[in-house]
Amino acid sequence: MYFDTHAHYDDEAFDADRRELLSTMPKKGVELIINPGCDYDSSAAAIAMAEKYPHVYAAVGFHPEELTKLESDSLEKIAILARHPKCVAIGEIGLDYYWDDSHKDEQKALFKAQLELALQLDKPVIIHDREAHADCMEIVFVYPELKGVFHCYSGSAEMAKELLKRGWYLGFDGPITYKNARKAIEVLEICPLDRILVETDSPYLSPVPRRGKRNDSTNLQYIIEKLAEIKGLSPELAAAQTLENGKKLFNIT
Ligand code: NI
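Residues numbered from 1 in each chain as written. Predicted model: local features only at pLDDT ≥ 70, side-chain atom pairs only at ≥ 80, totals over all residues. Heavy atoms only, no water.

Asks: Please clarify how the packing of aromatic side chains should be interpreted in this entry.
Replies: Applying the stated criterion across every chain, the model contains three aromatic pairs. For the pair Phe-3 and Phe-250, a centre-to-centre distance of 6.5 Å together with 65° between the ring planes defines the contact as edge-to-face. In this pair, Phe-3 is assigned in strand β1 (residues 2-4) and Phe-250 in the segment after α9 (235-249), connecting sequence segments 247 residues apart. Ring geometry for Phe-150 against Trp-168: centres 5.4 Å apart, planes inclined by 80°, an arrangement best described as edge-to-face. Of this pair, Phe-150 sits in strand β6 (residues 148-150) while Trp-168 sits in the loop between α6 (157-165) and β7 (169-172), and the two are 18 residues apart along the sequence. Of the two residues examined, Phe-150 and Trp-168, each falls in the buried class. In this structure, Lys-86 is placed above the aromatic ring of Tyr-57, and the distance from its NZ or CZ to the ring centre is 4.5 Å. (Phe/Tyr/Trp six-rings, centres within 6.5 Å; stacked < 30°, edge-to-face > 60°. Helix = DSSP H or I, 4+ residues; strand = E, 2+ residues; numbered from the N terminus. Buried < 20%, exposed > 50% of the residue type's maximum accessible area, 1.4 Å probe, protein only. Lys NZ or Arg CZ within 6 Å of the ring centre and 35° of its normal.)

This is the structure:
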């Protein structure tokens, strides 16, 4: 059974068949799903799906790409959602200098405020770090008691070692199945099995052989197969281990 620790089912790409897709996931081998929010509305939608489906959990947060939607009371409203019993993390939050490198200070302030919320509520965080590796590390290291995952990890093996040393988990997605995945594979090789999470980032990042099509959690099988191949174990064991890792980090029993 699989645990997709990162999928966006609130995305409009699922408007036509969301209910059908989500309700049949356990039958198709997907035992658990975390749906992170990216702004207030998608965080509220994540909570609503978590209330509806026993196997779906929510994370709530403000993504750096949604900075322009931030209002004066947005973080207070996120904090209220975060207290829901099926909210297992604050995310996805972080820094994205690929999308916009002209509002770095605003991105950092938003990121820090949400890390502090996570600490206050004793919840793990789901971090989005795109072309902002140095600043992300510098900020998370200010809070040594934080725990969480660097989602769709794209940093170097050296950075991974620093994060692993401090208890962080690393999330891997469809791109590990792509031809140019050399860097991510190097990281997987040094990452202990008990710190690896698998995620689809649906509807984006479909793995080979589904690349270019809409992604969903059933495609986790291709990511698991690749992980198993790299780590030299059976796909069943890779699935079981990553399921356990996710339950442990997100405190799901
Ligand atoms: Ni995402």
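Asks: Explanation requested: the coordination of the nickel ion in the structure shown.
Replies: Of the protein atoms, only His-6 (NE2), His-8 (NE2), Glu-92 (OE) and Asp-201 (OD) coordinate the nickel ion, at distances of 2.0 to 2.4 Å. The coordination sphere of the nickel ion comprises four donor atoms, whose angles at the metal cover 83 to 173°; the geometry is irregular. Donor residues binding the nickel ion come from one chain and are separated in sequence as H-x1-H-x83-E-x108-D. Of the two residues, His-8 is situated in the loop between β1 and α1 (18-24) and Glu-92 in strand β4 (residues 87-96); the sequence distance between them amounts to 84 residues. (Donors = N, O, S within 2.8 Å, 3.2 Å for Na, K, Ca; no water. Tetrahedral: all angles 85-135°; square planar, octahedral: opposite > 155°, others 65-115°.)

Asks: Looking at this structure, how should I read the pairing of β4?
Replies: Across a regular strand the side chains alternate sides, sitting on one face of the sheet and then on the other. For β4, a buried count of ten out of ten residues is recorded, marking the element as mostly surrounded by other parts of the structure. Inspection of the sheet shows strand β3 (residues 56-60) paired to β4 by three bridges, in the parallel sense. Within β4, the position partnered with Val-60 by the bridge is Ile-90. As judged from the five bridges shared by β4 and strand β5 (residues 125-130), these two strands associate in the parallel manner. Across the sheet, Ile-90 pairs through a bridge with Val-125, a residue of β5. (Pairing = 2+ DSSP bridges.)

Asks: Please explain the packing of α6 against helix α7 (residues 182-190) as it appears in this structure.
Replies: In a pair of packed helices, the angle between the axes and the distance between the axes together describe the arrangement. Contact pair α6 / α7: the axes reach a minimum separation of 9 Å and the direction vectors enclose 35°. With respect to the hand of their crossing, α6 and α7 are arranged in right-handed fashion. Taken together, the residues of α7 that come into contact with α6 (itself represented by Ala-157, Ala-160, Lys-161 and Leu-164) are Glu-186, Val-187 and Ile-190. Residues of the contact of α6 with α7, tallied by class, amount to five nonpolar, no polar and two charged. (Axes fitted to C-alpha atoms, helices over the stretch in contact; angles between N-to-C directions. Left-handed = near helix turned anticlockwise from the far one by under 90°. Contact = heavy atoms within 4.5 Å. Nonpolar A, V, L, I, M, F, W, Y, C, P; charged D, E, K, R; others polar.)

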